[in-house]
Amino acid sequence: MKAGVFEAGEGLSPTEAGTPQGGVISPLLLNIALHGLEEAAGVRYQSGSQAGDVARTSPTLTRYADDLVVCCHSRQQAEQAKAKLAAWLAPRGLAFNEAKTRIVRLDQGGFEFLGFHLRRYPNGKLLIKPSVKAMKRFRERLAREFRALRGANVAAVLAKIAPIVRGWVAYYRTVVSARVFHALTNYLWKLTYKWASWSHPNKPKRWIIKRYYGKFNKFRNDQWVFGDRDTGAYLTKPSWTDIVRHTLVKGGASPDDPELAEYWCRRRRKVKPPLDAYTVRLLSKQDGRCSLCGENLLIPDQPPQTPEGWEWWFLWVTKKAIKVDYLIHHNTSSTSSHDDRTHLVHATCSRAGKHARTAAGNTVLQPTT
């Protein structure tokens, strides 16, 4: 996409170079350039009491940056929508990538979009699953990472692999992924065992299993968790992740609308972060706030939109948790049994020596009977 540079007295001057693909400003420029794409495709909305709903005979268009899907009622309507969009894009110097543009039936194979596979089955259900290509790419990446980690210790393996796995699982946890997560769990076991066997070629299997596998997660009766016995860190199994359906956004609500700030705040508060169940329970009890200062433990921001984004999110949280002690499980020291409970606090608050009894009024530390 070409960008224009404004110079005083000269107006807009065309440039030969645009923004780099994947740059932070690129999605915004695409949204500006492709604004009006729905209208060009012939999407129509109802009025009156059903205002905002798509008309029954109208196509629907879904777009993420420069990737788009148009759902139509017939092949003829799909071909017409494609022709309209091509005519609308041409004056803007844009065109469809014919190699990636297809017209398919939703009930005959379906289609892939943003790493997901969508298909309507004979029983009438529309199921969204991780695409086969996405799973293949992820398995190949894991295999490459484990090969590159040969010769490294278990701590380095966990530091590298854990955010990658948790990020991919967090991205796909809102769709039909239970079977995929179980299959990925088995694949990860093979990779970890292969790495451990390569690291200790002269050791027997029992020695390897005793050293690298055990019941590292005290909340699960699972003896086959890969982890580090020196630190207690372990690799979370994808099959432990609960499927949490995505809640649709109301109408055309935009996170940039200042009048809807409270709506988005409530929505983000209800979304469970992809952390372990124990930490999530504590966060829920504390309304996501530190038990000592009352401030947010996790910054309430938009969740990542890609597996890579979730990977960086886990890297950030892990870095804060381990190196900066951003979140710690804090056990109050008190003679009262009612106050003797585990809760989450900022490490800075803990180091400041604040007592749990000075906690904010809306936290888990309120006396219970």
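Quick note: structure is the one above.
Just so it is clear, the model here is predicted, and its values are computed rather than measured.

Chemist: So what's going on with the overall build of the protein? Residues and values would help.
Modeler: When helices and strands are tallied, the protein shows 11 helices and 11 strands. Counting across all 369 residues of the protein, residues that qualify as buried make up 32%. Sequence separation of 24 or more characterises 48% of the internal contacts of the protein that already satisfy a separation of 6 or more. Counting every atom, the protein has about 23800 Å² of accessible surface; 53% of that belongs to carbon and sulfur.

Chemist: Residues and numbers for the packing of helix 5 (residues 154–172) against helix 6 (residues 178–199), please.
Modeler: Contact pair helix 5 / helix 6: the axes reach a minimum separation of 13 Å and the direction vectors enclose 170°. The orientation of helix 5 relative to helix 6 falls into the category roughly antiparallel. In contact with Val154, Val157, Val165, Trp168, Val169 and Tyr172 of helix 5, helix 6 contributes Val180, Phe181, Leu184, Leu188 and Trp195. Broken down by class, the residue content of the contact of helix 5 with helix 6 amounts to 11 nonpolar, no polar and no charged.

Chemist: Please set out the pairing of strand 6 (residues 116–120) residue by residue, giving values where relevant.
Modeler: Along any regular strand the residues' side chains alternate between the sheet's two faces. Sheet topology note: the strand 5 (residues 111–113)/strand 6 ladder contains three bridges and is antiparallel. When the sheet's bridge partners are listed, Phe113 is paired in strand 6 with Phe116. Connecting strand 5 to the antiparallel partner strand 6 that follows it, the hairpin turn spans two residues, and Leu114 within it adopts a positive phi of roughly 55°. Taken together, the five bridges between strand 6 and strand 7 (residues 126–130) define a ladder with antiparallel strand orientation. The residue bridging His117 from the neighbouring strand is Lys129, located in strand 7. Connecting strand 6 to the next strand, strand 7, in antiparallel fashion are five residues, including Gly124 with a positive phi near 95°.

Chemist: Give me the pattern of salt bridges: which residues, what numbers.
Modeler: Applying the stated rule across the entire model yields five salt bridges. One salt bridge connects Glu79 with Arg75, and the closest N-O pair in it is separated by 3.5 Å. Pair noted here: Glu79 and Arg75 are both in helix 3 (residues 75–89), with a separation of four residues, about one helical turn. Residue Arg75 is classed as exposed on the basis of its relative accessible area, which comes to 52%. Asp222 is the salt-bridge partner of Lys237, the closest N and O atoms lying 2.7 Å from each other. Within this pair, whereas Lys237 is found in the loop between strand 9 (225–226) and helix 8 (261–270), its partner Asp222 is found in the loop between strand 8 (213–214) and strand 9, the two being separated by 15 residues in sequence.

Chemist: Quick rundown of the sheet that holds strand 5? Include the residues and the values.
Modeler: Strand pairing in a sheet relies on backbone hydrogen bonds, with the paired strands running either antiparallel or parallel. Pairing in this open sheet of three strands is antiparallel, and the strands run 5-6-7 from one edge to the other. Of all the strands in the sheet, the pair left with one neighbour each is strand 5 and strand 7. Taken pair by pair, the neighbouring strands of this sheet meet at an average axis angle of 30°, ignoring direction.

Chemist: Before we move on, can you summarise a nonpolar patch on the surface with the specific residues and values?
Modeler: Taken together, the side chains of Ile25, Leu28 and Ile32 present a nonpolar region at the surface, about 280 Å² in accessible area. As for its position among the elements, Ile32 is in helix 1 (residues 26–33). Of the residues examined, Ile32 reaches a relative accessible area of 58% and is grouped as exposed.

Quick notes on the rules
- Residues numbered from 1 in each chain as written.
- Predicted model: local features only at pLDDT ≥ 70, side-chain atom pairs only at ≥ 80, totals over all residues.
- Heavy atoms only, no water.
- Helix = DSSP H or I, 4+ residues; strand = E, 2+ residues; numbered from the N terminus.
- Buried < 20%, exposed > 50% of the residue type's maximum accessible area, 1.4 Å probe, protein only.
- Contact = heavy atoms within 4.5 Å.
- Areas by Shrake-Rupley, 256 points an atom, 1.4 Å probe, with all protein chains shown as cover.
- Axes fitted to C-alpha atoms, helices over the stretch in contact; angles between N-to-C directions.
- Parallel < 35°, antiparallel > 145°, perpendicular 65-115°, else oblique.
- Nonpolar A, V, L, I, M, F, W, Y, C, P; charged D, E, K, R; others polar.
- Pairing = 2+ DSSP bridges.
- Salt bridge = Lys/Arg side-chain N within 4 Å of Asp/Glu carboxyl O.
- Patch = residues over 30% accessible without salt bridge, like charges linked within 9 Å, V, L, I, M, F, W, Y side chains within 5 Å.

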